[in-house]
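Residue-level structural notes
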Amino acid sequence: MLRTVKPRNARSKRALEAREAKEVEDIRTAIFVKGTHTGEILNGVMKELMALKRPDAISFSKKNTVHPFEDASSLEFWASKNDASMFLVGQSTKKRPAGLIIARTFDSRLLDMCELGVDNFVSMAEFKTPKSTPGHKPMMHFASELFDTHPRFIQVKSLLMDFFNGEVIDSICLPGLEHVISVSIAPAPSLQTANPILGDSQEEDVKNLPKIHIRTYTVKLLPSGTRVPRVELTEMGPFLDLSLRRHQAADPEMWKAAVRRPKLKKQDLEKGLGKKKKNLEVDEMGDLRGRVHIAKQDLNKLQTRKMKGLKSMPVEQDGSSEESEQEDDPRQKKRKRD
């Protein structure tokens, strides 16, 4: 349990207020930590991921004896001291070679984490192409339905979005979109569901889960003759092939507090962005859509255009005789009209 620090002067009070939770959070700072043994491949992966994360990255040059799955106190201490909420821990052992641990904290406490194994790595230096400017916000692309359905891949998507996400912006300038990070999943056989006899608590075998491919491209905007430019992607690197290993899910109560939204203004509530109003919803594009409920219509009482051809006439038994009389006396109709 971390001790609560009381401010002694106005300067320390302002520093503590700057670290408090905000309606619009600041950019997440990531700390890169090396374990007791990393290896050449893992050092290269961490170096190039830090290049994509700069300038919101802190690197620990010394090696540290850290085991997040056994004891997370050191991560919580570093998070509180450096005002950071993301960690990338590199550790290579005989049992788990080239392992990367992505951890996320909330209120200086460990929220959740996931361990990934590096199976293949291609450095930026092997691509003789222009690189993106450090500090630019990347575009993220997740090319699989498993990122929205499978719990393990949902966690990986959430961690990667928080790790690479930059400053919250209201508008986008096209020349500022310089690179794309594409995350896809290798083809694999159908995933096995949990055994109902053993219960849902049985952990799925991670060897059966498909690998994750991370590819980075630079964006080049070319003239197309219209207002919308033609886009070309060029390989920039790094390229990573990752496999899922251990993971730790977030505590339900802490997760509920972490995803809680602040109270919105009255204007936002009227636009349908706050509490859900009856029969009103906001779609993915931000448009407000409503649903109108009306009573069941009786089509027999529907008002239509009045025409003699559509008017219903009473049926009489002597209909043939009346028609003959009208044909015999056409002059009577002319007199009545006159």
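The following refers to the structure shown. (Residues numbered from 1 in each chain as written. Predicted model: local features only at pLDDT ≥ 70, side-chain atom pairs only at ≥ 80, totals over all residues. Heavy atoms only, no water.)

If you walk through the whole model with that rule in mind, you get nine salt bridges. Put simply, Asp112 and Arg104 hold a salt bridge, and the shortest N to O gap is 2.7 Å. Arg104 carries the same exposure label as Asp112, and that label is buried. When the shortest N-O distance is used, the salt bridge between Asp148 and Lys157 registers 3.1 Å. Taking the relative accessible area as the measure of exposure, Asp148 reaches 55% and is therefore exposed. Its relative accessible area of 24% is what places Lys157 among the partly exposed residues. Linked through salt bridges whose partners overlap, the residues forming this network are Arg28, Arg104, Asp112 and Asp162. (Salt bridge = Lys/Arg side-chain N within 4 Å of Asp/Glu carboxyl O. Buried < 20%, exposed > 50% of the residue type's maximum accessible area, 1.4 Å probe, protein only.)

The next point concerns the packing of aromatic side chains. Counted by the stated rule, this structure contains seven aromatic pairs. When the centroid spacing of 6.0 Å and the interplanar angle of 70 degrees are considered together, the rings of Phe32 and Phe163 count as edge-to-face. Of this pair, Phe32 sits in strand β1 (residues 30-34) while Phe163 sits in helix α5 (residues 151-164), placing them 131 residues apart in sequence. The two residues Phe32 and Phe163 agree in class, both being buried. Its guanidinium or amino end placed over the ring of Phe163, Lys53 lies 5.6 Å from that ring's centre, counting from NZ or CZ. The ring of Phe142 carries Lys157 above its face, with NZ or CZ at 5.5 Å from the centroid. (Phe/Tyr/Trp six-rings, centres within 6.5 Å; stacked < 30°, edge-to-face > 60°. Helix = DSSP H or I, 4+ residues; strand = E, 2+ residues; numbered from the N terminus. Lys NZ or Arg CZ within 6 Å of the ring centre and 35° of its normal.)

Following the sequence through the fold, Arg215 ends up in strand β8 (residues 212-222). Separated by 34 residues in sequence, Arg215 and Ile181 place their C-alpha atoms 5.8 Å apart. When residues no more than four places from it in sequence are discounted, the contact partners of Arg215 are Val180, Ile181, Ser182, Pro238, Phe239, Leu240 and Asp241. There is a polar contact of 3.0 Å between the side chain of Arg215 and the backbone oxygen of Leu240. (Contact = heavy atoms within 4.5 Å. Polar contact = N/O pair within 3.5 Å; in protein donor to acceptor, adjacent residues only side chain to side chain.)

Quick look at the side chain of Ser92 now. Its place among the elements puts Ser92 in the loop between β3 (86-91) and β4 (99-106). Among the polar contacts listed, one links the side chain of Ser92 to the backbone nitrogen of Ala98, at a separation of 3.1 Å. Every residue in contact with Ser92, bar those within four places of it in the chain, is listed here: His37, Thr38, Leu42, Pro97 and Ala98.

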